[in-house]
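# What the coordinates show
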Amino acid sequence: MSNAREIPVRNGNRKMSVSNSFDPSLSFSTSPGAVRSPTASHANPAAAAAKQLKPFHTGDIKVLLLENVNKIGQTMLKEQGYQVEALKSSLPEEQLIEKIKDVHVIGIRSKTKLSEKVLKHAKNLFVIGCFCIGTNQVDLKYAAGAGIAVFNSPFSNSRSVAELVIAEIVVLARQLGDRSNEMHAGVWNKVSAGCWEIRGKTLGIVGYGHIGNQLSVLAEMMGMKVIYYDVINLMSMGTAQQVTSLDALLQGADFVTLHVPELPETKNMIGAAQFELMKEGSYLINASRGSVVDIPALINASRSGKIAGAALDVYPNEPAGNGDYFQNDLNRWAEDLRSLKNVILTPHIGGSTEEAQTAIGIEVADALTRYVNEGTTQGAVNVPEVALRSLTADEPNHVRVIFIHHNVPGVLKRVNDILGDHNVDKQMTDSRGDIAYLMADISNVNVNEIKDLYQSLEELSSRIRTRVLY
Ligand SMILES: NC(=O)c1ccc[n+]([C@@H]2O[C@H](COP(=O)([O-])OP(=O)(O)OC[C@H]3O[C@@H](n4cnc5c(N)ncnc54)[C@H](O)[C@@H]3O)[C@@H](O)[C@H]2O)c1
Ligand SMILES: O=C(O)CC[C@@H](O)C(=O)O
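Conventions adopted
Residues numbered from 1 in each chain as written. Chains lettered and ligands numbered in written order. Predicted model: local features only at pLDDT ≥ 70, side-chain atom pairs only at ≥ 80, totals over all residues. Heavy atoms only, no water. UniProt positions renumbered as here; feature names shortened; annotations may be inferred. Pairing = 2+ DSSP bridges. Helix = DSSP H or I, 4+ residues; strand = E, 2+ residues; numbered from the N terminus. Axes fitted to C-alpha atoms, helices over the stretch in contact; angles between N-to-C directions. Expected span 1.5 Å × (residues − 1). Contact = heavy atoms within 4.5 Å. Buried < 20%, exposed > 50% of the residue type's maximum accessible area, 1.4 Å probe, protein only. Near = heavy atom within 4 Å. Polar contact = N/O pair within 3.5 Å; in protein donor to acceptor, adjacent residues only side chain to side chain. Areas by Shrake-Rupley, 256 points an atom, 1.4 Å probe, with all protein chains shown as cover. Nonpolar A, V, L, I, M, F, W, Y, C, P; charged D, E, K, R; others polar. Phe/Tyr/Trp six-rings, centres within 6.5 Å; stacked < 30°, edge-to-face > 60°. Lys NZ or Arg CZ within 6 Å of the ring centre and 35° of its normal.

The name given to the protein in an unreviewed UniProt entry is 2-oxoglutarate reductase, with Myriangium duriaei CBS 260.36 as the source organism. The UniProt entry for the protein carries the following comment under Pathway (unreviewed entry): "Amino-acid biosynthesis; L-serine biosynthesis; L-serine from 3-phospho-D-glycerate: step 1/3." As its UniProt record puts it under Function (unreviewed entry), the protein is described as follows: "Catalyzes the reversible oxidation of 3-phospho-D-glycerate to 3-phosphonooxypyruvate, the first step of the phosphorylated L-serine biosynthesis pathway. Also catalyzes the reversible oxidation of 2-hydroxyglutarate to 2-oxoglutarate."

Below, the structure is given as structure tokens:
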């Protein structure tokens, strides 16, 4: 490639040689009909004139995508010239540790656990894309401390989950799963006992965020009354009413649906005591995370008739890929659960629609590309959100410096002493807990000076990671 410029850049503990090459025919997001969520809408109309910053041959960037990331997302990353390896399933820990050693970028969904143990081996990794909403599968704190930014797609699949839950409410109320299974087994069983309309019934939503909101609107359109419980005070959609405690919600709802993140506080949030509080013959739906419901308690509540049905989309242990895995060796109660009447079991498909996966693919691939090429952290979930107006093609001797550092006193002074020989055109810095992110565009930088600049920043004791883009 032409205009290759070499500087040694340390990635983790290894030094690698990088070069700058840019193919102007490449652009960030060229997918026709791209569905962009509002978080990606910051892309400014002047972007056409923006200079692309890449202090490396794009072909040097290795991307590993696991868990069948959407094709459009894969294509967008390939169009950048990155080396992309895409696998259909997640990997067992040992294989993941081997694979992650080499890559700069990893894309996952909900099943790949990026624990501290795994991330410690990821010497070149500088960004993680969660092609989903949940980020509980990543050790976000460790990642931030290692200078690894994490991005997700905060609401691209919310509507898909809400629609699934609406369907499940009707299916449970009418025992459709059982009737369908019976018919598949050749049994005609025409019954109305225990089958209900949902009109006029009360839906209790636990966690009134993106999904809870959508669901609230849809449920009211179906003639349901909506109550919700959330740890924060929120504006109600329509005529929904916030209740002040989980207990009040459990006592008042005919259908209880869970939409909270996986947190220490939400672990086994619904257990024996909570089933006890629920109305006789009510229903439970969980499409949040498997850790939120104590499943043996649910099995007891179902067997005793306390609840009339349940729908589960998520489980404490989920298989790495598709296949015949939902047995006791995965979750010790799996066979008991499978034997229950009016219990719908789905394989974590709440967000699995063409619309959601396309939107997620585009949004996360776009965030990864902007981070790799420009250092922009807008939308990151574990490091401060920092962005600077793009450099333009008529600013040839400009360099973008990114310095991720420990949030301790005196760093800015030291960094600016290093940058001080040049003109700092613009600079932004922000902190999040212990981590700070500084981005500066400096002008009048001779190519020969870039290596020294980089080296001086690397030597600061507060340094977590330095990147110099030009
Ligand atoms: N089944 C699927 O395929 C699927 C798809 C998308 C998301 N999810 C899961 O659903 C969860 C919720 O998604 P979302 O987009 O609505 O998230 P969100 O962040 O928009 O909303 C979560 C809400 O839960 C509230 N909350 C947190 N802790 C709580 C507690 N202890 N008690 C009550 N409320 C609490 C928060 O205040 C927030 O309002 C995600 O974290 C993810 O784990 C599952
Ligand atoms: O697609 C997935 O694996 C996860 C879907 C969902 O749980 C999410 O967190 O967005």
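After that view, the rundown keeps rolling.
### Some points on the sheet that holds strand β18 (residues 463-469)
Spatially, β16-β17-β15-β18 is the arrangement adopted by the 4 strands of the open sheet, whose pairing is antiparallel. The open sheet has two edge strands with one neighbour each: β16 (423-432) and β18. When the angles between neighbouring strand axes are averaged without regard to direction, this sheet yields 10 degrees. The pairing of strand β15 (residues 399-406) with β18 spans 6 bridges and is antiparallel. Of the residues in β18, the one forming a bridge with His405 is Arg463.

### As for helix α7 (residues 210-221)
If you check α7, its first and last C-alpha atoms are 17 Å apart, about what 12 residues at 1.5 Å a residue would give, namely 16 Å. Its buried side turned inward, α7 meets α5 (158-173), β8 (202-206), β9 (225-229) and β11 (255-258). Phi for Gly223, located one or two positions after α7, is positive at around 85 degrees.

### Concerning the environment of Glu280
Tracing the backbone shows Glu280 in the loop between α9 (272-277) and β12 (282-286). On the accessibility criterion, Glu280 (61% relative accessible area) is exposed. Taking the C-alpha atoms as reference points, Glu280 and Lys99, separated by 181 residues in sequence, lie 51 Å from one another. Once residues within four sequence positions are removed from consideration, Glu280 is found in contact with Gly305 and Lys306.

### A look at the UniProt feature "domain: ACT" (unreviewed entry) in the protein
What UniProt calls "domain: ACT" (unreviewed entry) maps, in this numbering, to residues 400-470. Segment residues 400-470 splits into 30% helix and 46% strand. End C-alpha atoms: 6 Å apart.

### Some points on the site of ligand 2
Neighbouring residues of ligand 2: Arg109, Ser110, Cys132, Ile133, Gly134, Asn157, Arg289 and His348. With respect to ligand 2, the side chain of Arg289 contributes an N or O atom lying 2.7 Å from an oxygen atom. Within the contact set of ligand 2, an oxygen atom lies 2.6 Å away from a side-chain nitrogen or oxygen of His348. Within the complex, the protein chains bury 91% of what would otherwise be the 290 Å² of accessible surface of ligand 2. Here the shell around ligand 2 is composed, by residue class, of 2 nonpolar, 4 polar and 2 charged.

### Here's the deal with the sheet that holds strand β3 (residues 62-65)
One open sheet holds the 5 strands; their spatial order is β4-β3-β5-β6-β7, and the pairing between them is parallel. Looking along the sheet, the strands with just one partner apiece sit at the ends: β4 (83-86) and β7 (149-151). In this sheet, adjacent strand axes meet at a mean angle of 15 degrees when their direction is disregarded. Across 4 bridges, strand β5 (residues 105-108) lies against strand β6 (residues 127-130) in parallel orientation.

### A word on the site of ligand 1
Around ligand 1 sit 25 residues in total, of which His210, Ile211, Asp230, Ala287 and Asp313 are the nearest. Between ligand 1 and His210 there is a distance of 2.9 Å, counted from an oxygen atom to a backbone nitrogen or oxygen. The backbone of Ile211 places a nitrogen or oxygen atom 3.0 Å from an oxygen atom of ligand 1. For ligand 1, whose free accessible area comes to 860 Å², the fraction covered by protein is 87%. Across the shell around ligand 1, the residue classes tally to 12 nonpolar, 10 polar and 3 charged.

### So, the packing of aromatic side chains
Two measures describe an aromatic ring pair: the distance that separates the ring centres and the angle between the ring planes. Within this structure, the stated rule accounts for 5 aromatic pairs. A centroid spacing of 6.2 Å and a plane angle of 45 degrees characterise the contact between Phe126 and Tyr371, whose relative ring orientation is tilted. Note that Phe126 is positioned in the loop between α3 (116-119) and β6 and Tyr371 in helix α12 (residues 354-374), a separation of 245 residues in sequence. Its relative accessible area of 5% is what places Phe126 among the buried residues. A relative accessible area of 0% places Tyr371 in the buried class. Note on Tyr208 and Tyr228: the rings are 3.5 Å apart at their centroids and 5 degrees apart in plane angle, and the pair reads as stacked. Of this pair, Tyr208 sits in the loop between β8 and α7 while Tyr228 sits in strand β9; the two residues are 20 residues apart in sequence, bridging distant segments of the chain. The burial state of Tyr208 is the same as that of Tyr228; both residues are buried. Taken together, the ring pairs connect Phe126, Phe151 and Tyr371 into an aromatic cluster. Over the aromatic face of Tyr371 sits the side chain of Arg467, whose NZ or CZ is 5.2 Å from the ring centroid.

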